[in-house]
Amino acid sequence: MQKTGSVKGKLLLLFIAVAWGSSMVVVKGSTDFIPPGRLLATRFTIASIVLALIYRKKLKLIDKNYIKSGLIIGGFLFCAYFTQTTGVMLEMPGKSQFLSSAYCVFVPFIGGLIFREKPKKYHIVAATICATGIILVSVVGTFSVSIGDSISILSSLCWATQIVAIAKWGKDKDPGLITLLQFMVAAMLAWVFTLTQEQSSSIEINQRVIFGVLYLGIVCSGLCFLFQTISQKTESPTSVSIILSFENIFGIIFSILLFNEHMTVNKAIGFVFMFTAILISELQPNFLKDKAEVHIDNEKDKR
């Protein structure tokens, strides 16, 4: 049975898309005064506290299996966020947002290796279009890719792996508790990194940093996850994926307005290619499916 949807659910998803779209700009501004490890450590500590308060009645359900899953998924989450944060430090926020969001195109291929499932035709089409977009966005006149762009692309691979890890180790577990545990693990890894590898003398605490860590921890991590959980009770996966994919558009808008990101023709075309690839990967259009796949989907819709 398909979900009918609601105005409330769509507004919550739109809020998430705007918040996540603005997050890269906030990260970019914050890392001018605080190193990435310390920013992530503070962000996920705050997010963990928020989620622990929200799901405090479920904490008794945590056992060894939950902890094992949290450790694995949290490790990938830290890698994804650390590479994403490092990438945006070196490049403009909007560009980094699009490059790191290519994870949805890579998920089927990484998942195929883990679960031994052959990627579908629409996955291959989406990957080809996405690769073309990445080349247009990232490659400069000498046909080279910057270090920042390379790290952002690596981030998308880490995100894809984290999503596959959730599918494998988070199955049949409470999503709130799994998210709390992976946030806690990411926070611990970030604290270990910042205390051993980063210089505290490079930290400058000011209003921008305080706003940044609170906004990223409370709004972009804690509240956005809660709102996504609420909205997915009324919205179909298709509706959720379409609305959330607009975080990339909002990311570009915020970057142009707040960081004067320069938009070239190649970049614009590349962004269109990448956004199209994301939509194909998420919507899985019937004209890119085999007849058997279309039949199976139709049978699911009738239930």
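Residues numbered from 1 in each chain as written. Predicted model: local features only at pLDDT ≥ 70, side-chain atom pairs only at ≥ 80, totals over all residues. Heavy atoms only, no water.

Overview of the nonpolar core
So, step 1. Ranked by size, the top nonpolar core spans 25 residues in total, and within it F44, L51, Y55, L77, Y81 and F183 carry the most contacts.
So, step 2. Of all the secondary-structure elements, those providing two or more residues to this core are α2 (36-54), α3 (64-90), α7 (147-169), α8 (175-197) and α9 (207-231).
So, step 3. In terms of residue count, the dominant contributor to this core is α8 (eight residues).
So, step 4. Contact partners of Y55, with chain neighbours within four places excluded, come to G176, L177, F225, L226 and T229.
So, step 5. Membership of the second largest hydrophobic core comes to 22 residues, among which are L13, I16, C220 and C224. (Core = buried A, V, L, I, M, F, W, Y, C linked by side-chain atoms within 4.5 Å. Buried < 20%, exposed > 50% of the residue type's maximum accessible area, 1.4 Å probe, protein only. Helix = DSSP H or I, 4+ residues; strand = E, 2+ residues; numbered from the N terminus. Contact = heavy atoms within 4.5 Å.)

Quick word on the side chain of S100
So, step 1. Looking at the secondary structure, you find S100 in helix α4 (residues 93-100).
So, step 2. Overall, S100 belongs to the buried group, its relative accessible area being 3%.
So, step 3. At a separation of 3.2 Å, a polar atom in the side chain of S100 contacts the main-chain carbonyl oxygen of Q97.
So, step 4. In contact with S100, other than residues within four places in its own chain, are M24, Q84, S152, S155, S156 and W159. (Polar contact = N/O pair within 3.5 Å; in protein donor to acceptor, adjacent residues only side chain to side chain.)

Some thoughts on unusual backbone geometry
So, step 1. Of note in this structure, D172 is not a glycine but carries a positive phi near 65 degrees.
So, step 2. Along the chain, D172 falls in the loop between α7 and α8.
So, step 3. Look at N260: it is not a glycine, yet its phi comes out positive at around 55 degrees.
So, step 4. Tracing the backbone shows N260 in the loop between α11 (247-259) and α12 (265-283).
So, step 5. Residue N260 is classed as exposed on the basis of its relative accessible area of 64%.

Some points on the side chain of S245
So, step 1. Within the element layout of this structure, S245 appears in helix α10 (residues 237-245).
So, step 2. Excluding anything up to four places from it in sequence, S245 contacts F275, I278 and L279.

Concerning the packing of aromatic side chains
So, step 1. Evaluated as defined, the whole model comprises ten aromatic pairs.
So, step 2. Each ring, one from F44 and one from Y81, has its centre 4.9 Å from the other, and the planes form 75 degrees; the classification is edge-to-face. Of the two residues, F44 is situated in helix α2 and Y81 in helix α3; the sequence distance between them amounts to 37 residues. Each of the two residues, F44 as well as Y81, counts as buried.
So, step 3. Ring pairing ties together the aromatic residues F44, Y81, W159 and F183, which thus form one cluster.
So, step 4. Lying over the aromatic face of F44, R43 brings its terminal NZ or CZ to 5.8 Å of the ring centre.
So, step 5. Directly above the ring of Y66 sits K173, whose terminal nitrogen or CZ lies 6.0 Å from the centroid. (Phe/Tyr/Trp six-rings, centres within 6.5 Å; stacked < 30°, edge-to-face > 60°. Lys NZ or Arg CZ within 6 Å of the ring centre and 35° of its normal.)

What to know about the UniProt feature "domain: EamA" (unreviewed entry) in the protein chain
So, step 1. The UniProt record marks residues 8-138 and 147-280 with the feature "domain: EamA" (unreviewed entry), using the residue numbering of this structure.
So, step 2. Note that residues 8-138 is 82% helix and 0% strand, and that its end C-alpha atoms are spaced 37 Å apart. (UniProt positions renumbered as here; feature names shortened; annotations may be inferred.)

Let's talk about the pattern of salt bridges
So, step 1. All told, the structure shown has four salt bridges when counted by the stated rule.
So, step 2. Between D149 and K95 there is a salt bridge whose closest N-O contact spans 2.9 Å. Of this pair, D149 sits in helix α7 while K95 sits in helix α4; the two residues are 54 residues apart in sequence, bridging distant segments of the chain. Pair check on accessibility: D149 and K95 agree, each one buried.
So, step 3. Several salt bridges converge on common partners, so that one network encompasses E91, K95 and D149. (Salt bridge = Lys/Arg side-chain N within 4 Å of Asp/Glu carboxyl O.)

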